[in-house]
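Here are the chains, one letter per residue:
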Amino acid sequence: MYINEEKKPYPFCPGCSHVQVIEAINRALQKVEADPRRTVMVSDIGCVGLVDSFFNIHTFHGLHGRSFTYAAGIKLANPDLNVFVMVGDGGCGIGGHHLINAARRNIGIKVIAFNNFNFGMTGGQHSVTSFFGSKTRTTPGGHLERGFDLAKLVEAAGSPFVARKLAFDKDLDETIALAMRSEGFAFLDVWEVCTAYYMPMNDFKKPAMEAEIEKLGMKLGVLREECLPEYSCTLRAGRKGSEGETAVTRPIVIAKKFEHRLPQEPFRLILAGSAGMKIVSSAGYLGNAALKCGLHVSQKDDFPITVQSGHSVSEMILSSEEVEYLGVDKPDAVIILSEEGLAKVRKVLPVMEKNSLVIAREGLSLETPAKVIAIDPKRFSNKSLITAALQSLIRLVPLVPQEAFFEVIGEIRNEAIRNENLKAMEIARSWL
Ligand code: SF4
């Protein structure tokens, strides 16, 4: 039912274990009565990724080792979907970081690892699971590393469901169905034979596989089965404010307390200065004041990775509608407090409208049709000049009421910074 029989035969080498595992997945999907319209298979790169089009369900095929991230994203966006991953041992190595973090977060994706101990598609190179001493195209004299025990690795990362099976196991479909029925992250390490490369170089048939299991003290079957809260559902429940809400997932709500006074919507603003001038923090203060007026606010910051030197720019949009595009190509107002800031915003100044506004530190050379107000830096500290400029802006342009901005400044936790800003606001109040 879930495999399109008309597409067969599969494109694998004769005897490749992938056939048995894919047929077991097909039977498992029937056992759990998976709704094809709500089931997504994410396949990784490798021979196993060749059969997406054989399945009558949603499929996604992306970059090598990233199948875990695509699957996690799909599950986070829609926790109601059944999402499973088909990945080889090569993909588990390349995307190992993604694998252990998906397990740690307990995102409810089901990972079936087609573990044949080498990269089959690219010619039989060793992988992270190749055994010590095993021969591959890249380890012809015997592998010097010990292979990862994928099941143990994922179990240690916190996965609540972990199992190991052989591709030959008749009840493989039962274990896959168990994994699919489990709530959270599930990992199934399926040992396989690659008849083209690994098996001939190592005489690795079923008896050798079982002997290796015993030699390494490993176990087959379900190794861990626990019930832990699944991440995407917990997140969704918390966001909705329904049962299951936690302090971690509860959204921060800023209640509307003031009426905004936007002359036009949306209002686009750029603040530009240098490191240490509190440009980004102060954009946040204005943003908070706008949120207290029930507005939507976006803030896009730009500063070099050397955060204590260079420019600092914040682009803001204040709007009564949700903001979907965060760029500010043609601002309604610009505040410029340093040469470094000016260098970053110089190109937008000529395109501003005549009725728009520039508030700039005295002495800066500007070319703009906008109205320019100069601000005397000697009257303010380096850190509070931006507060004075913002105070001036909201006095000249009725964006948010003065009380809203004053309230936000009064909420600054650091007393010294709070007082410095309140003093700057006081000076600016009497200045224009
Ligand atoms: S190369 Fe190996 S894994 Fe790929 S199809 Fe052939 S036998 Fe299977």
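Attention in this report is confined to the structure presented alongside it.

On inspection of all chains with the given rule, the structure shows 10 aromatic pairs. Consider the rings of tyrosine 10 and phenylalanine 54, whose centres lie 5.3 Å apart with planes at 25 degrees: the pair is stacked. You can see tyrosine 10 sitting in the segment before α1 (18-31) and its partner phenylalanine 54 sitting in the loop between β1 (39-43) and β2 (58-61), a full 44 residues away along the chain. Considered together, tyrosine 10 and phenylalanine 54 belong to a single accessibility category, that of buried residues.

Here the focus is the nonpolar core. Nonpolar side chains in soluble globular proteins tend to be buried together. With 42 residues, the main nonpolar core has Leu271, Ile335, Leu337, Leu393 and Phe405 as its most contacted residues. Per-element tally for this core: the top contributor is helix α12 (residues 385-396), with seven residues. Not counting residues up to four positions away in its chain, the partners in contact with isoleucine 335 are Ile270, Leu271, Ala272, Ile359, Ile386, Ala389, Leu390 and Leu393. Ala28, Met86, Ile176 and Ala186 belong to the second-largest nonpolar core, a separate cluster that totals 33 residues.

Turning to the state of the cysteines, a few remarks are in order. Evaluation of the coordinates by the stated rule reveals zero disulfides. Unpaired in this structure, cysteine 233 has its nearest cysteine sulfur neighbour in cysteine 227, at a distance of 11 Å. Judged by relative accessible area, cysteine 233 falls into the partly exposed class, the value being 39%.

Below, the discussion takes up the sheet that holds strand β9 (residues 221-225). Ordered by their spatial adjacency, seven strands build an open sheet running β2-β1-β3-β4-β8-β7-β9, and the pairing between neighbours is mixed. Because the sheet does not close on itself, it has two edges, and the strands there are β2 and β9. Along the sheet, successive strands turn relative to each other by an average axial angle of 15 degrees, direction set aside. Bridging between strand β3 (residues 82-88) and strand β4 (residues 110-115) involves five bridges; their strand directions are parallel. Within the sheet, the bridge partner assigned to phenylalanine 84 lies in β4 and is lysine 110. This element, helix α5 (residues 150-157), spans β4, β7 (161-166), β8 (186-191) and β9 of the sheet and lies at about 170 degrees to β8.

This part covers the side chain of threonine 139. Positionally, threonine 139 belongs in the loop between β6 (125-126) and α5. A polar side-chain atom of threonine 139 sits 2.7 Å from a polar atom in the side chain of threonine 136. Other than its neighbours up to four places away in sequence, threonine 139 contacts His126 and Ser134.

Glancing now at a negative patch on the surface. On the surface, Glu265, Glu321, Glu322 and Glu324 cluster together into a negatively charged patch. Relative to the helices and strands, glutamate 321 is located in the loop between β12 (311-319) and β13 (333-336).

With that settled, consider the site of the ligand. Near the ligand the following residues occur: Phe12, Cys13, Cys16, His18, Cys47, Asn116, Gly120, Cys194, Thr195, Ala196 and Tyr197. The residue makeup of the shell around the ligand, split by class, is seven nonpolar, four polar and no charged.

The rules behind each value
Residues numbered from 1 in each chain as written. Predicted model: local features only at pLDDT ≥ 70, side-chain atom pairs only at ≥ 80, totals over all residues. Heavy atoms only, no water. Phe/Tyr/Trp six-rings, centres within 6.5 Å; stacked < 30°, edge-to-face > 60°. Helix = DSSP H or I, 4+ residues; strand = E, 2+ residues; numbered from the N terminus. Buried < 20%, exposed > 50% of the residue type's maximum accessible area, 1.4 Å probe, protein only. Core = buried A, V, L, I, M, F, W, Y, C linked by side-chain atoms within 4.5 Å. Contact = heavy atoms within 4.5 Å. Disulfide = S-S within 2.5 Å. Pairing = 2+ DSSP bridges. Axes fitted to C-alpha atoms, helices over the stretch in contact; angles between N-to-C directions. Polar contact = N/O pair within 3.5 Å; in protein donor to acceptor, adjacent residues only side chain to side chain. Patch = residues over 30% accessible without salt bridge, like charges linked within 9 Å, V, L, I, M, F, W, Y side chains within 5 Å. Areas by Shrake-Rupley, 256 points an atom, 1.4 Å probe, with all protein chains shown as cover. Salt bridge = Lys/Arg side-chain N within 4 Å of Asp/Glu carboxyl O. Lys, Arg positive; Asp, Glu negative; His and termini not counted. Charge placed at Lys NZ, Arg CZ, Asp CG, Glu CD. Near = heavy atom within 4 Å. Nonpolar A, V, L, I, M, F, W, Y, C, P; charged D, E, K, R; others polar.

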